[in-house]
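The lines below spell out each chain.
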Amino acid sequence: MTDLYDRYQAAHTAHRTHRTTCKSCTDTSRCPVGQRLYESFASLQDAHLSRQLRQRGR
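Conventions used here
- Residues numbered from 1 in each chain as written.
- Predicted model: local features only at pLDDT ≥ 70, side-chain atom pairs only at ≥ 80, totals over all residues.
- Heavy atoms only, no water.
- Disulfide = S-S within 2.5 Å.
- Buried < 20%, exposed > 50% of the residue type's maximum accessible area, 1.4 Å probe, protein only.
- Salt bridge = Lys/Arg side-chain N within 4 Å of Asp/Glu carboxyl O.
- Helix = DSSP H or I, 4+ residues; strand = E, 2+ residues; numbered from the N terminus.
- Expected span 1.5 Å × (residues − 1).
- Core = buried A, V, L, I, M, F, W, Y, C linked by side-chain atoms within 4.5 Å.
- Contact = heavy atoms within 4.5 Å.

Caption draft 1: Looking closely at the state of the cysteines. Summed over all chains, the structure comprises zero disulfides. With no disulfide partner, C22 has as its closest neighbouring cysteine sulfur the one in C25, 3.7 Å distant. Here C25 falls in the buried class, since its relative accessible area comes to 6%.

Caption draft 2: The arrangement of the pattern of salt bridges in detail. Under the counting rule described, the total for this entry stands at one salt bridge. With a closest N to O distance of 3.1 Å, R19 and D27 form a salt bridge. Its relative accessible area of 28% is what places R19 among the partly exposed residues.

Caption draft 3: Inspection of helix α2 (residues 32-55) at higher detail. Its 24 residues give α2 an end-to-end C-alpha distance of 35 Å, which sits within 8% of 34 Å, the value for a rise of 1.5 Å per residue. Along α2, the residues that are buried comprise G34, L37, F41, A42, L44 and H48. Looking one or two places after α2, you find G57, whose phi comes out positive at around 80 degrees.

Caption draft 4: How the structure looks around the nonpolar core. Counting five residues, the largest nonpolar core is built from L4, Y8, A11, F41 and L44. Within the residue set of this core, elements represented by two or more residues are α1 (2-21) and α2. Element by element, the count of residues in this core is highest for α1, at three residues. Those residues in contact with L44 that lie beyond four places of it in its chain are L4, R7, Y8 and A11.

Below, the structure is given as C-alpha cells:
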C-alpha cells in the first residue's frame, strides 16, 4: 500500500510544482505536460482511494 501511496503523493507534488511554474496551465486548461501530470496524479489517486475502500470492506 505504501508504494501506491508514495507514487500518488509524488505525482501530486510533480503536478503542483509544474502548475506553479507553468504560465500556460490554469484551473480549467493545461499544457500537454501539465495534462499528463494531472492525469497521472488523478489515476494514482483513484487507485489509492479504491484500494482504501476495498480494505475497509466496502
